[in-house]
Amino acid sequence: MIALLRLATLGLLIGLWWLAAHAGSALIPTPLATARAAVTMAHDGRLWTATLQSLAVYAAGLGLAVVAGIAAGLLMGGFRLLGNTLELYVMALAATPRVAFIPLIIVLLGLGFEAKVAIIFLGAVMPIVLNTYAGVLNADGELVEMARSAGASRAQIFRRILLPGALPFIVVGLRLGATIGLINTVVAELYTAVRGLGGLLAIYGNTFQMAPYFVVVLVLAAIGTLVTQGLRRVELRMERWRYDGG
């Protein structure tokens, strides 16, 4: 049923796209023109090369953000003194637009791969840290006290109580971080060396080549959909692990 509704929605969106393209705006290509542009870009290799370039920096930045964000959130939530000390600064950093750090990153790291990874990392890590921290703080305090009174070590409390209890929050943080990381991938490619899908967006947008421009936008949307759906599968597996007792 859900699959049919999604297909019907897709058909409706394509129909609206076709109507908008035929309403007189030269800036909106038809679905057929976009498909032809996609075939051309795939055939000459431009699309594959740019996609692989973007995926490389996206995976590196998001991977670092996942490791650092979950670790930082668990430490802040597990050690209340540390959490109370750092919370103000983490909130301040989360509220600061990441674009403000781009000139500094470029000065320190240049315009290459490392700068792009740093920009993606900064965008993706904050939601993961904050959601992991909130998940640990949301743990059942009475259950933690019972475990301590029963002689459980801090590591056992982390693994058996705090981490399973924080899983729903962590997954939300991962999904937000993955989405923001993908956005920052395009931003990084626009502000640094013009490469990848962001570079293609800049080239086609500046020259008003709207059919290939739409192809790049659709590829980015497809990547975002695949990542979020993959995280949904991870969430289901983690839920089973959670209720099996870790």
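Student: Looking at this structure, how should I read the overall build of the protein chain?
Tutor: Along the backbone of the protein chain there are ten helices and zero strands. Reading the protein chain from its N terminus to its C terminus gives the helix and strand order α-α-α-α-α-α-α-α-α-α. Per-residue burial over the protein chain gives 37% buried out of 246 residues. Accessible surface, the protein chain: about 13,900 Å² in total, of which carbon and sulfur atoms supply 71%.

Student: Would you explain the packing of helix α3 (residues 46-78) against helix α9 (residues 196-206) in this entry?
Tutor: Between two packed helices, what matters for the description is the angle formed by their axes and the separation of those axes. Close contact between α3 and α9 brings their axes to 6 Å; oriented N to C, the two are set at 130 degrees. Taken together, the axes of α3 and α9 lie oblique to each other. In this structure, α3 uses R46, L47, A50, T51, Q53 and S54 to contact α9, whose residues at the interface are G196, L197, G198, L200 and Y204. Each residue belonging to the contact of α3 with α9 can be placed in one class, and the counts come to five nonpolar, five polar and one charged.

Student: What is the right way to read the pattern of salt bridges from this model?
Tutor: Pairing is possible between side chains that carry opposite charge, provided their charged atoms lie close to one another. The final tally for this structure, using the stated rule, is one salt bridge. The residue D44 makes a salt bridge to R46 at a minimum N-O spacing of 2.7 Å. D44 sits in the partly exposed class, given a relative accessible area of 42%.

Student: Help me understand the side chain of S54, please; the structure alone is not making it clear to me.
Tutor: Following the sequence through the fold, S54 ends up in helix α3. If we skip the residues at most four places from it in the chain, S54 touches T185, E189, G196, L197 and G198.

Student: Any chance you could explain the confidence of the model for the protein chain here in plain terms?
Tutor: If pLDDT is low for a region, its predicted coordinates should not be looked at in detail. Within the protein chain, residue pLDDT values average 82, and 87% of them lie at 70 or more. For the protein chain, helix α7 (residues 141-149) is the element with the lowest average pLDDT, namely 65, and α3 is the one with the highest, namely 90.

Student: Any chance you could explain the environment of I105 here in plain terms?
Tutor: Residue placement: I105 occurs in helix α5 (residues 102-109). Through-space distance from the C-alpha of I105 to that of I119 is 7.6 Å; in sequence the pair is 14 residues apart. Setting aside its immediate chain neighbours within four residues, I105 contacts G110, A115, A118, I119 and L122.

Student: Before we go on, may I ask you to explain unusual backbone geometry in this structure?
Tutor: Most of the time, phi is negative for any residue but glycine, and the peptide bond is trans. Its identity as a non-glycine residue notwithstanding, F208 has a phi of 55 degrees, on the positive side. Looking at the element boundaries, F208 is found in the loop between α9 and α10 (210-243). You can call F208 exposed: its relative accessible area is 60%.

Reading guide: rules and limits
- Residues numbered from 1 in each chain as written.
- Predicted model: local features only at pLDDT ≥ 70, side-chain atom pairs only at ≥ 80, totals over all residues.
- Heavy atoms only, no water.
- Helix = DSSP H or I, 4+ residues; strand = E, 2+ residues; numbered from the N terminus.
- Buried < 20%, exposed > 50% of the residue type's maximum accessible area, 1.4 Å probe, protein only.
- Areas by Shrake-Rupley, 256 points an atom, 1.4 Å probe, with all protein chains shown as cover.
- Axes fitted to C-alpha atoms, helices over the stretch in contact; angles between N-to-C directions.
- Parallel < 35°, antiparallel > 145°, perpendicular 65-115°, else oblique.
- Contact = heavy atoms within 4.5 Å.
- Nonpolar A, V, L, I, M, F, W, Y, C, P; charged D, E, K, R; others polar.
- Salt bridge = Lys/Arg side-chain N within 4 Å of Asp/Glu carboxyl O.
- pLDDT = per-residue confidence, 0-100.

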